[in-house]
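# An overview of the molecular structure
These are the residues of each chain, in order.
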Amino acid sequence: ENSATTTIATATPPGAGTSGDRYRLSTVDHLAWFMHAYWTWGAYFQLSADIDASATSTWYDGAGFIPVGTSANPFTGDFTGTGHTINGLYVNRDLNAATGFFGHVDGGRIVDTGILNAQIIATGEAGGLAGKIENSSYIFGCFAIDDVFSTDRAGGLIGRSNASSVINCYAGGVVETNGSSSIGGLIGYFWKGFDESAEFRDCYAYTEVLAQDAEDRLGLVGGYGEYGSPYTTIRDLYWDRQASGTN
């Protein structure tokens, strides 16, 4: 049994973290290494197998997985799931910080990654894949089917997107807040940025969206910063009204 004072098993994945020889994650022990190996968060990674992450619910007295990337040390690297999934991830962190599999992503690239049956409980911006992405981060071909709860901005896939691209992604499951911030089936809050060139297209959500006091509650994107970059492309976005319970 793991506790706050128990060392969680970790294993260094094969690879050198370069574009030609990525770190190859294939076990939950590799994920334990990844969440601690902050000095590598600007490197290249890939999933080389589907990973059962259900053991994370026992980590740190039930606090679970530590999100990869913080405001002080964000994820700036390149991560490809190669079509694989992480199943059963558990995060229950009272951090008042960006929370998900990734926490804070700053100019990072995440593609072809699936998050299945995750449970994310947070007090900061929260999403199944990432809590916050910004500064021309690039998310392509990713999905999350999960339960996300936060008192801050929350989305099924991403809590907050600032001046970044989200393309060909989807989300399902349940996203919920008891706070007053924005909540959306795919993204909690989306802002285009000032003069960045970004894309938000070819995405959909069939997430149930639950909120009592949220200022913005919508099936796809909860809140949207209308001012900003004229270079952002936004098109072909859909959500399931019946599943989300929103118009």
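The text that follows walks through the structure, step by step, so that each part is easy to find. Nothing here was measured: the structure is a model prediction, and the numbers come from that model. Every residue gets a number counted from 1 within its own chain, in the order that chain's sequence is written. Local features in this predicted model are restricted to residues whose pLDDT is 70 or higher, and side-chain atom pairs enter the listing and the counts only when it is 80 or higher, whereas totals over whole chains, interfaces and linings include all residues. Remark: hydrogens and water are excluded; side-chain values derive from all non-hydrogen atoms of the structure.

## A few points about the overall build of the protein
Secondary structure summary: the protein contains two helices and 23 strands in total. Note on exposure labels: buried denotes an accessible area under 20% of the residue type's maximum, exposed denotes more than 50%, and partly exposed covers the range between, all computed with a 1.4 Å probe on protein chains only. In the protein, buried positions account for 55% of the 247 residues. Any pair of residues with heavy atoms lying within 4.5 Å of one another is described as a contacting pair. Sequence-distant contacts in the protein: of pairs separated by 6 or more residues, those separated by 24 or more amount to 78%. Total accessible area on the protein stands at roughly 9,900 Å², and carbon and sulfur atoms take up 45% of it. Helix and strand assignments come from DSSP, with helices taken as H or I runs of at least 4 residues and strands as E runs of at least 2, each series counted from the N terminus. Per-residue and other accessible areas follow the Shrake-Rupley method at a 1.4 Å probe size, with only the shown protein chains counted as cover for residues.

## What about the pairing of strand S13 (residues 143-150)?
When strand S9 (residues 114-122) meets S13, the two strands line up parallel, connected through eight bridges. When the sheet's bridge partners are listed, Leu116 is paired in S13 with Ile145. In this description, strands pair whenever DSSP reports at least two bridges between them.

## Digging into helix H1 (residues 28-36)
Burial analysis of H1 places seven of its nine residues in the buried class, the great majority of the element. For H1, the complete set of buried residues consists of Val28, His30, Leu31, Ala32, Trp33, Phe34 and Met35. Each element contacted by the buried residues of H1 is listed here: strand S1 (23-25), strand S2 (44-47), strand S3 (51-52), strand S4 (78-80), strand S5 (85-87) and strand S7 (102-106).

## Some words on a nonpolar patch on the surface
For patch detection, residues must exceed 30% relative accessible area and be free of salt bridges, and they are connected within 9 Å for like charges or within 5 Å for nonpolar side chains (Val, Leu, Ile, Met, Phe, Trp, Tyr). Whenever Lys or Arg places a side-chain nitrogen within 4 Å of a carboxyl oxygen from Asp or Glu, that contact is recorded as a salt bridge. Nonpolar side chains collect at one region of the surface, where Tyr204, Tyr206 and Tyr238 lie side by side and expose about 320 Å² of accessible area between them. Note on placement: Tyr238 falls in strand S23 (residues 233-239). A relative accessible area of 51% places Tyr238 in the exposed class.

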